[in-house]
Amino acid sequence: MLTTKVAQILDLHLNLTVEEIENYLEHPPRPEMGDIAFPCFTLAKHLKKSPAVIAAELAASIQHPEVTVQAAGPYVNFFFNRSLATEAILTQLNHPDYGKLSIGEGKKVVIDMSSPNIAKPFGVGHLRSTVIGAALYRMYKAAGYNTVNVNHLGDWGTQFGKQITAYKRWGDDVKLAEEPIRESLRLYVKFHDEEENDPTLGPEAREWFRKLEQGDEEAVRLWTYFVEISMQEFERMYKRLGVDFDHVLGESFYIDKTEGIVTKLKQSGLLIESDEALVVPLEEEGMPPCLIIKKDGTTIYPTRDLATAFYRREEMGADEILYVVGAEQKLHFQQVFAVLNKLGEPWAKDCIHVPFGLMKFEGRKMSTRRGKVVFLEEVLDEAVQRAREIIKLKNPNLPNAEEVAEQVGIGAIVFGDLKNHRLNEVDFSLEEALSFEGETGPYVQYSYARIQSLLTKAELTISDRNTDLGDALNEITISDSAWSLLKHLSRYPEYLKKAVRLKEPSVLAKYVIDAAQLFNRFYHHERILDGEPGELSYKLSLVKVTGESIQNIMTLLGVKTPDRM
Ligand code: ARG
């Protein structure tokens, strides 16, 4: 909002629109360079004068009660009248619609997220997709989009032939009921181990998958059973992560829709036979061909993704489709989108792969095939256990310690993931993520709890708070630490916009860390609960809006903010 103010002031002196001016404005790195700076380089070309001359002329001609203006070389620096600006910022922050944007108005975005595979562990990649996808979902909502998320379960494919074969040979119902995923995984791994010595296993598995695709009763019954027991386990995870889905539509949902795709591709002359399979060549696009129907006549991952894209566009009415899936599937999505393009679908350009990098836990990678995996539930449990121990040390009498431990433990993981640029590879350290100092979830949560405790104390000690903030502010010097915090809080909409544009929750995670740090600096510099009623009232307003802002952003990121910890 400070940039808008400066742009409006400058607008009276320049032949540019307010928006254009706003785009030029900068936030100087040091306070002595002003609150906002206007660089004059671009104007120099048009006005045929040096930037420094333009800056000096502009600075001399601007007279405005809300700002002091100084030229510094090629820059015009604006210093706000802090009292006036503080009143405006606090009023704006207190508005119920603060932080809501309208950039997505009238647009529907479908977000493909989480999408774990049935009968396989919920992997760390699925954790990232869930956490990043859920944050994007809430961010897009806040930006005004009509937002729909879909869990595109991996519930179809030849692996189910293997799963059924392994189950029929070595399955144990009691164990499956007790530990569905672990037991499914044991069967899957055993299948791969035995396959090397037993040449009948492969064909048997293919036969079971063929039967499944044709709706064979036993195959479908066993498949349904695998889906159900896996879902129970996944749902436990979603509940702990606080994630809900508008739709859970696995790959199997699109089986009867793949025929239409094959027909479309045939009619457009895009499909050719290659090694007894049907493919769409993508030579012109510089990619390997997109496999559509395998040798044995069954559909494959890209076929189902093509059917899915059409469904989301035509049945769900998506204007934009985001696929929050690991970077290792880049080629797959490029191929699928290229085929849509070749089909002449103009909306192919609105299908967007939102990739993310690999994540390891304490240096451990995962590989399902060999059965060496990190189970998400174990990671969550361990994080909560560590949080429990820290809380026991720091606050042994906390009444709802168990609830808070869950919020801090899970929050540490979610925040520890989101604070990284999503494409970065992350080696996750629980110890680091759970530290109460540094750029962590618990640090932000702790700052929020400190704010709540201040506000509670204030309620108890301060009765007379009916002072007029505007009048009071005239008499008060706004300290540098308070002013930095206020300026930061006032820039939130700009950060949300950027986070949505880049599809990058880390922009908000970094923003909220800065907010917490600036708050803590303010807290250490000032005696917040002391002072004249007017001053007190202003400081508490600032504390309150800081708390609301932190809570609002943490909620978007999917992290809880306990009042005490
Ligand atoms: N189930 C897949 C996997 O684990 C991810 C699915 C992503 N979404 C999609 N529409 N292909 O690799």
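Relevant structure appears above.
Just so it is clear, the model here is predicted, and its values are computed rather than measured.

Engineer: Can you tell me about the site of the ligand, naming the residues and giving the values?
Structural biologist: Close contacts around the ligand come from Asp-112, Ser-115, Asn-117, His-126, His-152, Tyr-301, Asp-305, Tyr-323, Val-325, Gln-329 and Phe-333, and that covers them all. Here an oxygen atom of the ligand sits 2.7 Å away from a polar atom, N or O, in the side chain of His-126. The contact in question runs from a nitrogen atom of the ligand to an N or O atom on the side chain of Tyr-301, over 2.7 Å. Contact with the protein chains covers 90% of the free accessible surface of the ligand, which is 350 Å². Here the residues of the shell around the ligand are counted per class, giving four nonpolar, five polar and two charged.

Engineer: Give me the lowdown on unusual backbone geometry, citing residues and values where you can.
Structural biologist: Residues apart from glycine generally show negative phi values, whereas peptide bonds are mostly found in trans. Notably, Ser-114 is not glycine yet its phi reads approximately 75 degrees, a positive angle. Of note, Ser-114 is situated in the loop between β4 (108-112) and α6 (124-142). Phi angles above zero are rare outside glycine, and Lys-503 is one such case at about 50 degrees. Here Lys-503 lies in the loop between α21 (492-502) and α22 (505-525). On the basis of relative accessible area, Lys-503 is assigned to the buried category, the value being 12%.

Engineer: Break down the packing of aromatic side chains for me, citing the residues and quoting the values.
Structural biologist: As enumerated under the stated definition, the model contains 24 aromatic pairs in all. Taking the centre distance of 6.4 Å and the plane angle of 85 degrees together, the rings of Tyr-24 and Phe-38 count as edge-to-face. Of this pair, Tyr-24 sits in helix α2 (residues 18-24) while Phe-38 sits in strand β1 (residues 36-39), placing them 14 residues apart in sequence. A relative accessible area of 1% means that Phe-38 is categorised as buried. The rings of Tyr-98, Tyr-492, Tyr-495 and Tyr-511 are connected pair by pair, giving a single aromatic cluster.

Engineer: Quick rundown of the sheet that holds strand β5 (residues 146-151)? Include the residues and the values.
Structural biologist: Read across the open sheet, the five strands follow the order β6-β5-β4-β10-β11; overall the sheet is parallel. Where the open sheet ends on each side, the last strands, each with one partner, are β6 (247-248) and β11 (351-354). For β4 and β5, the ladder comprises five bridges, and the chain directions are parallel. Residue Val-109 lies in a different strand from β5, and its bridge partner there is Thr-147. Set on the sheet, α6 makes contact with β4, β5, β10 (320-324) and β11; between it and β10 the angle comes to about 155 degrees. Here helix α13 (residues 301-314) sits on the sheet and contacts β4, β5 and β10; the angle it forms with β10, its principal contact strand, is near 140 degrees.

Conventions and cut-offs
- Residues numbered from 1 in each chain as written.
- Predicted model: local features only at pLDDT ≥ 70, side-chain atom pairs only at ≥ 80, totals over all residues.
- Heavy atoms only, no water.
- Near = heavy atom within 4 Å.
- Polar contact = N/O pair within 3.5 Å; in protein donor to acceptor, adjacent residues only side chain to side chain.
- Areas by Shrake-Rupley, 256 points an atom, 1.4 Å probe, with all protein chains shown as cover.
- Nonpolar A, V, L, I, M, F, W, Y, C, P; charged D, E, K, R; others polar.
- Helix = DSSP H or I, 4+ residues; strand = E, 2+ residues; numbered from the N terminus.
- Buried < 20%, exposed > 50% of the residue type's maximum accessible area, 1.4 Å probe, protein only.
- Phe/Tyr/Trp six-rings, centres within 6.5 Å; stacked < 30°, edge-to-face > 60°.
- Pairing = 2+ DSSP bridges.
- Contact = heavy atoms within 4.5 Å.
- Axes fitted to C-alpha atoms, helices over the stretch in contact; angles between N-to-C directions.

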